[in-house]
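Notes for the structure review
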Amino acid sequence: MKQMCMDESVFRSGVDGATAGALPKRVLAGLYLPDRPPRMALRTFNKWIACHQVLTDQLTLTGYTPHCRLLTPEQVRLVILYLGEP
């Protein structure tokens, strides 16, 4: 299994414990598409997820919907598993 090389401070965005380990989708999109403006990166990232049926199915099992703004650690793991490391 691949090691995640994301900045740990970005991954530990939760302060109150309720969202500890969650990652905003826009942040992950920016890691995958760093040379695109944030809105375009997020739009492209959402299209990648929507076009990858297996990833979409696996994310849905974790409670993901296309409108989610915050990804759980499990959802981030699935994205990296299917799309590769950013």
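This text follows the structure it describes.
Residues numbered from 1 in each chain as written. Predicted model: local features only at pLDDT ≥ 70, side-chain atom pairs only at ≥ 80, totals over all residues. Heavy atoms only, no water.

1. Things to note about the overall build of the protein
Tallying secondary structure elements over the protein gives five helices and two strands in all. Mapped from its N terminus to its C terminus, the protein presents α and β elements in the order α-β-α-α-α-β-α. By residue count, 31% of the 86 residues in the protein fall in the buried class. Of the accessible surface of the protein, which amounts to about 5,700 Å², a share of 58% is contributed by carbon and sulfur atoms. (Helix = DSSP H or I, 4+ residues; strand = E, 2+ residues; numbered from the N terminus. Buried < 20%, exposed > 50% of the residue type's maximum accessible area, 1.4 Å probe, protein only. Areas by Shrake-Rupley, 256 points an atom, 1.4 Å probe, with all protein chains shown as cover.)

2. Notes on the packing of helix α2 (residues 25-32) against helix α3 (residues 38-51)
Here α2 crosses α3 at 90°, and the two axes come no closer than 8 Å. One element, α2, and the other, α3, form an angle in the roughly perpendicular class. Side by side, α2 and α3 meet where K25, R26, L28, A29 and Y32 of the first sit next to A41, L42, F45, N46 and W48 of the second. Looking at the contact of α2 with α3, its residues break down into seven nonpolar, one polar and two charged. (Axes fitted to C-alpha atoms, helices over the stretch in contact; angles between N-to-C directions. Parallel < 35°, antiparallel > 145°, perpendicular 65-115°, else oblique. Contact = heavy atoms within 4.5 Å. Nonpolar A, V, L, I, M, F, W, Y, C, P; charged D, E, K, R; others polar.)

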